[in-house]
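Coordinate analysis (summary)
In case you want the letters, here they are:
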Amino acid sequence: MPRSFALGDHFENFIEEQVRNGRYNNGSEVVREGLRLLEDWENLHRIRVEEIHRSIEESRRDGRTKPASEVLGRLEAKYEAMGASAEKRDDE
């Protein structure tokens with residue numbers, strides 16, 4: 001089913017330049033190539049996200065991660081102690 005899209009001057013000029021330079025025979029080839037590249041990029045992005053999720057799950061299973069509440073609790077205690085120490089020095 002044929003479709004029509006408004007590409008704007010920038011992309012219209014880019015397509016014309018690609019055809020004029022002989023890299024493509026017509027504008028449709030340029031657009032199809034662009035869509036293939038976008039499809040490849042989307043697939044690569046999906047694979048990377050899946051790998052990140054898999055890595056996070058592996059880390060959770062083997063104990064390399066800590067619950068956020070534990071980490072935040074330690075940070076709060078550390079900075080409270082630093083603040084108390086600074087106040088004590090200021091009082092001296």
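This section reports on the structure supplied with the text. The model shown is predicted, which means the values in this text are computed figures rather than measured ones.

**Concerning the layout of surface pockets**
Each pocket or cavity is described by its volume, and for the largest pocket that value is around 400 Å³. In this structure, the largest pocket is lined by 16 residues; those nearest its centre are Ile15, Val30, Val31, Gly34 and Leu35. Those elements that place two or more of their residues in the lining of the largest pocket are helix 1 (8–20) and helix 2 (27–62). Per element, the largest residue contribution to the lining of the largest pocket is 6 residues, and it comes from helix 2. The residue makeup of the lining of the largest pocket, split by class, is 10 nonpolar, 3 polar and 3 charged.

**Observations regarding the pattern of salt bridges**
In this structure the tally under the stated criterion is 4 salt bridges. The residue glutamate 33 makes a salt bridge to arginine 36 at a minimum N-O spacing of 3.1 Å. Within this pair, glutamate 33 and its partner arginine 36 are both found in helix 2, separated by 3 residues, close to a single helical turn. Residue glutamate 33 is classed as partly exposed on the basis of its relative accessible area, which comes to 24%. Relative accessible area serves as the criterion here: at 42%, arginine 36 is assigned to the partly exposed category. Across the pair arginine 74 and glutamate 70 runs a salt bridge, and its minimum N-O distance is 3.3 Å. Of this pair, arginine 74 and glutamate 70 are both found in helix 3 (residues 68–91), 4 residues apart, which corresponds to roughly one turn of the helix. Judged by its relative accessible area of 48%, arginine 74 is partly exposed.

**With respect to helix 1**
Between its terminal C-alpha atoms helix 1 stretches 18 Å, which fits the 18 Å expected from 13 residues at 1.5 Å a residue. At the exit of helix 1 stands glycine 22, carrying a positive phi of roughly 85°.

**Here's the deal with a nonpolar patch on the surface**
A cluster of nonpolar side chains, contributed by Phe5, Leu7, Phe11, Phe14, Val31, Leu35, Leu38 and Trp41, occupies part of the molecular surface with about 820 Å² of accessible area. Sorting the residues of the nonpolar patch by element identifies helix 1 and helix 2 as the ones contributing at least two each. Take the nonpolar patch: its biggest share by element is 4 residues, from helix 2. Positionally, valine 31 belongs in helix 2.

Calculation notes
Residues numbered from 1 in each chain as written. Predicted model: local features only at pLDDT ≥ 70, side-chain atom pairs only at ≥ 80, totals over all residues. Heavy atoms only, no water. 1 Å grid on protein atoms, 1.4 Å probe; cavity = no way out; pocket = protein on both sides within 12 Å on 5 of 7 lines; lining within 4 Å. Points joined across faces, edges and corners; volume = space filled by probe spheres on them. Helix = DSSP H or I, 4+ residues; strand = E, 2+ residues; numbered from the N terminus. Nonpolar A, V, L, I, M, F, W, Y, C, P; charged D, E, K, R; others polar. Salt bridge = Lys/Arg side-chain N within 4 Å of Asp/Glu carboxyl O. Buried < 20%, exposed > 50% of the residue type's maximum accessible area, 1.4 Å probe, protein only. Expected span 1.5 Å × (residues − 1). Patch = residues over 30% accessible without salt bridge, like charges linked within 9 Å, V, L, I, M, F, W, Y side chains within 5 Å. Areas by Shrake-Rupley, 256 points an atom, 1.4 Å probe, with all protein chains shown as cover.

Everything listed here is a matter of coordinates, which is why it stays silent on function.
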